[in-house]
Structure formats: C-alpha cells, structure tokens
Amino acid sequence: MADTPRWLDDRQQLVWRQWLRAQTEMNAAITRQLQADGGLSLPDFEVLVSLEESPDGRQRATVLADTMLWERSRLSHQVRRMEARGLVDRVGCKDDRRGAWVGITDAGRAALAQVAPGHVETVRECMFDRIDDADLEALGRVTGTILAATDCASRRPSTA
C-alpha cells in the first residue's frame, strides 16, 4: 500500500507559492535588465559569468554544464547561439577529441561589463535593499539548508 502523501498545510502552501513567485519575479526583472542593457538573456549572462570567473576564461564544456547544473545538450545549444554572436568560442580538446573548451571572447567580456552594473543594481533594488541584516542572515541559513537538502535529494535514486 502506498504511503499517504504529506500535504502542505496552509502556511506552508502560502510560503511555497511566495517562494516560487519571488523566483519568477526576480528572474523576470533580471531578464528585462540584461536585455535592455546589453541584449543578453539570463542564460547568456550565466555562461559568461561562469567563464569570466574561471582562471583563464575558459572551461571544459562538460565541467561548465555540471557547474551550472545544466544538461550537456542545453549547454551545447546555448554555446552555439552565443558563439554565433561572438560572445564565446569553442575549441576542441587536444587530449580528448570528444571534448571541447568553451572560452569567453573579448566581445563576451565587453557584453558582461556592459550589463554587470545594471545587474547588480537590479539585484540590490529587488532583494538586498528590502531586507535588513537579520533577514539576510536568516535567508542565508534557510537557503543553505534548502540547498543541502536538494543536493541530498538529487543523489537519491528515483522511485518512479
């Protein structure tokens, strides 16, 4: 006999829906800002930031996908679109003919520099300017706890 589902109570349901709405609204605000300031999408920005933060501005495609928690096919399509716009380049790996390096180009760095100030301001306006230090500490604890739980859950075998 199947276990009875542990439904959310009214308070949990409200907080869950607020969480989902907050994520959606933040992503929409950031997307609007990135598009307006530099014609970038949020996925463009995520790839460029990840590459820019790499010691030599490049990463193996498989590592980049894993770091971003993306499927390899999603990264491949994204990189192809960005490559066509000159934001990144893809170079075959000499040690592994199936692998590739993805690197940020000068145009990608320039695009990132163009949108970064507005991005930070949007994040501040939508989030950090609205919470005090105690809320920030609590949010840090809560998100850390949630991330730890989702990391454990992602390694659990599926029951489906």
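Predicted, not measured: the structure shown is a model, and the values here were computed from it.

The rules behind each value
- Residues numbered from 1 in each chain as written.
- Predicted model: local features only at pLDDT ≥ 70, side-chain atom pairs only at ≥ 80, totals over all residues.
- Heavy atoms only, no water.
- Core = buried A, V, L, I, M, F, W, Y, C linked by side-chain atoms within 4.5 Å.
- Buried < 20%, exposed > 50% of the residue type's maximum accessible area, 1.4 Å probe, protein only.
- Helix = DSSP H or I, 4+ residues; strand = E, 2+ residues; numbered from the N terminus.
- Contact = heavy atoms within 4.5 Å.
- Expected span 1.5 Å × (residues − 1).
- Arc of directions from axis to C-beta.
- Phe/Tyr/Trp six-rings, centres within 6.5 Å; stacked < 30°, edge-to-face > 60°.
- Lys NZ or Arg CZ within 6 Å of the ring centre and 35° of its normal.
- Pairing = 2+ DSSP bridges.
- Axes fitted to C-alpha atoms, helices over the stretch in contact; angles between N-to-C directions.

*Asks:* How should the nonpolar core be read in this particular structure?
*Replies:* The tendency in soluble globular proteins is for nonpolar side chains to be buried side by side. If you look at the biggest cluster of nonpolar residues, it comprises 23 residues, and the most contacted ones within it are Val47, Leu48 and Val88. If you list the elements that add at least two residues to this core, you get helix H1 (10-38), helix H2 (42-52), helix H3 (61-68), helix H4 (72-84), strand E3 (100-104) and helix H5 (106-126). Considering every element that reaches this core, the biggest residue donor is H2, with five residues. Those residues in contact with Val47 that sit more than four places away from it in its chain are Leu64, Met68, Trp70, Leu75, Gln78, Met82 and Val88.

*Asks:* Mind showing me how you'd approach H4 here?
*Replies:* Quick reminder: α-helices carry 3.6 residues per turn. Residues three or four places apart thus point the same way. End to end, H4 covers 18 Å across 13 residues, agreeing with the expected 18 Å (1.5 Å per residue, within 8%). Listing the buried residues of H4 in full gives Leu75, Gln78, Val79 and Met82. On an axial view of H4, the arc spanned by its buried residues comes to 100°, and they lie on one face. Residues of H4 that are buried in the fold lie against H2, H3, strand E2 (88-92) and E3.

*Asks:* Can you walk me through the packing of aromatic side chains in this structure?
*Replies:* Each aromatic ring pair is described using two quantities: the centre-to-centre distance and the angle formed by the ring planes. Within the structure shown, the criterion is met by zero aromatic pairs. When the ring centre of Trp101 is taken as reference, the NZ or CZ atom of Arg58 above it lies at 3.9 Å. Here the basic side chain of Arg74 rests over the ring of Trp70, its NZ or CZ set 3.9 Å away from the ring centre.

*Asks:* Looking at this structure, I do not really get the sheet that holds E3. What am I missing?
*Replies:* Strand pairing in a sheet relies on backbone hydrogen bonds, with the paired strands running either antiparallel or parallel. Read from one edge to the other, the open sheet built from three strands follows the order E1-E3-E2, with strand pairing classed as antiparallel. Taken across any chain shown, the strands that pair with only one partner, and hence form the sheet edges, are strand E1 (58-60) and E2. Averaged over all adjacent pairs, the angle separating strand axes in this sheet is 25°, with direction ignored. For E1 and E3, the ladder comprises three bridges, and the chain directions are antiparallel.

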